[in-house]
Amino acid sequence: MTRSLLLASLAATTMLALPATAQTAFELDEIIVSGNLDATTLERIGATVSVVTRENLEDTGEVRAIDFLARLPGIDVRGRGPVGGLSNITIRGVGQNYVRVLVDGIDVSDPSGPQIAYDFGGLRTADIDRIEVLRGGQSALFGSESIGGVINITTRRAVEEGTAQFLTLEGGSYNTLNASYGVTTRKGAFDYALTLSAMQTDGFSAADENDGNTEADGYDAKRLSFAFGYDLSNGSRIGLNGFVEDATTQFDEQFPLADGSTDEYSDNRSTGLRAYAEFNTGSIANEIALTYYNINRKLFGSTVYGTSDFIFDGERVGLSYLGQKALGAGLDLRFGAEYTKESYDQSSFYGVYTGESNTSGAFAELAYETQNFDLVGTLRYDKHSEFGDFTTGRLAANWRPAQDWTLRASAANSFRAPSLYELYGPYGDASLVPEESRSVDLGIERRFGEGNFVRATAFYSETDSLINPTLPSYTYANVPGTVVRQGVELEAGFALTDAWRVDASYTYVEGENPALTLGSAWDLEFPENDVSLTLTGDLTDRLSAAFTVQHAAGRQVLDDYTVANATISYAVTDGIEAYLRVENMFDEQYQLTSGYGTSDRAVYAGLRAEF
């Protein structure tokens, strides 16, 4: 363990000894839906989880979900320019192609990309009700692409009888207009939720304007998300949820970055659907779900090498079953099976490439629960049509030695299957085998009253059989060596007064990658030290404010940066709120990805209404 890691561990011990202050609304019985195969409470979960609620998002006012996620412990953002530009994340230094992303139970990771990953650049907060970030290896729960963790997003739902409507209108810098309308209704056995959102902005240059790039890159997007549910008289439930999104994004090409042309843009359309049925057969609770996801990306432009037009199409169809049975004596059994089929097509000057694979999986989880101790073991077997089978497991424990103390620990092995592009694309190799990973984390939490807490987590992960391009052909291959990530996450939240609260986090990550052959950006650009601070509170009965600061340091190829934002909100009536948001208050000039710019100081004003 390095000196920095030892210092971070010492800091965690010191923070745990802090005295109690006032009380806040931190709820230990918060239900976590993604931590195990069955929903559990935050108090009892053995994994490391962050929960972001609708209220959290509205307090600080972010339009892009990724801007809020960036302040969570362990998460680093790799954005390429303005809203809509390609944006990925790392969790504990592990790249975006190792993170599974779900929206209302639909896997939205792009099966047509070079690696299967989700682009956060256009993910807006308009329809989001909740985000759960589950860290560490989770393949035993979610299969491939879960080495770094899982992000589970839930959109608005009807939570009580009657109808509620939501409206947001916003305008500001870069000629930005942002609007959304949502409605939720529950009437007897039937409920539904609809959200329609749209955004248009001129943006700024994706290639950093400080390098002489002046052409702005705009974004225009529309999204409809929906959910319908019906409770049957026998206690069963059926439902359908999904989304449709269309977006046009202007961007600056990467090879080389900013060649002077101004014609690069992409037209993207994505569709997701999930139909499900929940029912009981005797003492067993069952859920069957059918999911569908399609993404079509058309990229147009030119580079110094000539015209550069691409069309990518990716599709994923999944069928899953989950059963649950209480065995008695504190034991619960969960079990099930999944089938997933993925396909991709690529058309470009490289030629036409297609690929298809399917994965069948079976899993079981045994949970043991007592008054102050929980232990969950999960085992999963996956069979992939191309490389064969893979078995993963996870063990997670939660011990509460006293009412205000919690210790968490988990250990898991995980895998990432080769993407269809890595197998069948222009530089593909059909003989690739999956990357394999092992991870452990150990956490301790001290609570001071109902709403104040300090939490520390030490983590370690290693991955081998890394899939990387190799010189001189750039063909993908499994290369030797083991990638290691380790570090510490610290979190604290305290009520300063009855009206003001402060939340802070610090993440230290160190890594080594002897397998690097091309200097992968994901390996070089995450910060060793990442600190964030959020202050929220009331100035008067109707006037509230939120201030956030984030500092990232120790990036190997990029400078340190500190960025601050502020939001002031005024309750015009009980159902109407006006707000003013200032992003990058001090006009910090920094990059999240080499060569790509970030927003200058920007000001936005808007109205939120609920009726």
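Residues numbered from 1 in each chain as written. Predicted model: local features only at pLDDT ≥ 70, side-chain atom pairs only at ≥ 80, totals over all residues. Heavy atoms only, no water.

Residue-level account of the packing of aromatic side chains, with values.
Summed over the entire model, instances satisfying the criterion amount to 15 aromatic pairs. Look at Phe226 and Phe228: their rings are 6.0 Å apart centre to centre, the planes differ by 45 degrees, and that puts the pair in the tilted class. Under the relative-accessibility criterion, Phe226 is labelled buried at 13%. Judged by its relative accessible area of 32%, Phe228 falls in the partly exposed class. Following the ring pairs from residue to residue traces out a cluster consisting of Phe190, Tyr192, Phe226 and Phe228. If you follow Arg71 out to its NZ or CZ, it ends over the ring of Phe68, 5.0 Å from the centre. Across the ring face of Tyr98, the terminal group of Arg416 is positioned such that the distance to the ring centre comes to 5.5 Å. (Phe/Tyr/Trp six-rings, centres within 6.5 Å; stacked < 30°, edge-to-face > 60°. Buried < 20%, exposed > 50% of the residue type's maximum accessible area, 1.4 Å probe, protein only. Lys NZ or Arg CZ within 6 Å of the ring centre and 35° of its normal.)

Before we move on, could you go through empty space enclosed by the protein and cite the residues and values that matter?
Scanning all chains against the criterion turns up eight cavities of 30 Å³ or more. Considering only enclosed or pocket space, the largest cavity measures out at about 680 Å³ in volume. What lines the largest cavity is a set of 41 residues, and nearest its centre among them are Arg64, Asp67, Glu583, Tyr590 and Ser599. Mapped onto the lining of the largest cavity, the elements with two or more residues apiece are α3 (65-69), β4 (75-79), β12 (190-204), β30 (543-553), β31 (561-571) and β32 (576-583). In terms of residue count, β31 provides more of the lining of the largest cavity than any other element does, six residues in total. For the lining of the largest cavity, a count of residues per class yields 19 nonpolar, 14 polar and eight charged. The space that makes up the second largest cavity amounts to roughly 190 Å³. Counting residues per element, the ones that place at least two in the lining of the second largest cavity are α2 (54-60), β10 (162-172) and β11 (176-187). In terms of residue class, the lining of the second largest cavity is made up of five nonpolar, six polar and six charged. (1 Å grid on protein atoms, 1.4 Å probe; cavity = no way out; pocket = protein on both sides within 12 Å on 5 of 7 lines; lining within 4 Å. Points joined across faces, edges and corners; volume = space filled by probe spheres on them. Helix = DSSP H or I, 4+ residues; strand = E, 2+ residues; numbered from the N terminus. Nonpolar A, V, L, I, M, F, W, Y, C, P; charged D, E, K, R; others polar.)

Tell me about the side chain of Ser414, residues and numbers included.
Examined against the element boundaries, Ser414 turns out to sit in strand β24 (residues 405-416). For Ser414, a relative accessible area of 2% translates into the label buried. At 3.4 Å, the side chain of Ser414 and the backbone nitrogen of Ser139 are in polar contact. In contact with Ser414, not counting residues within four places along its chain, are Gly137, Gln138, Ser139, Ser146, Ile147, Phe390, Thr392, Glu435, Glu436 and Ser437. (Polar contact = N/O pair within 3.5 Å; in protein donor to acceptor, adjacent residues only side chain to side chain. Contact = heavy atoms within 4.5 Å.)

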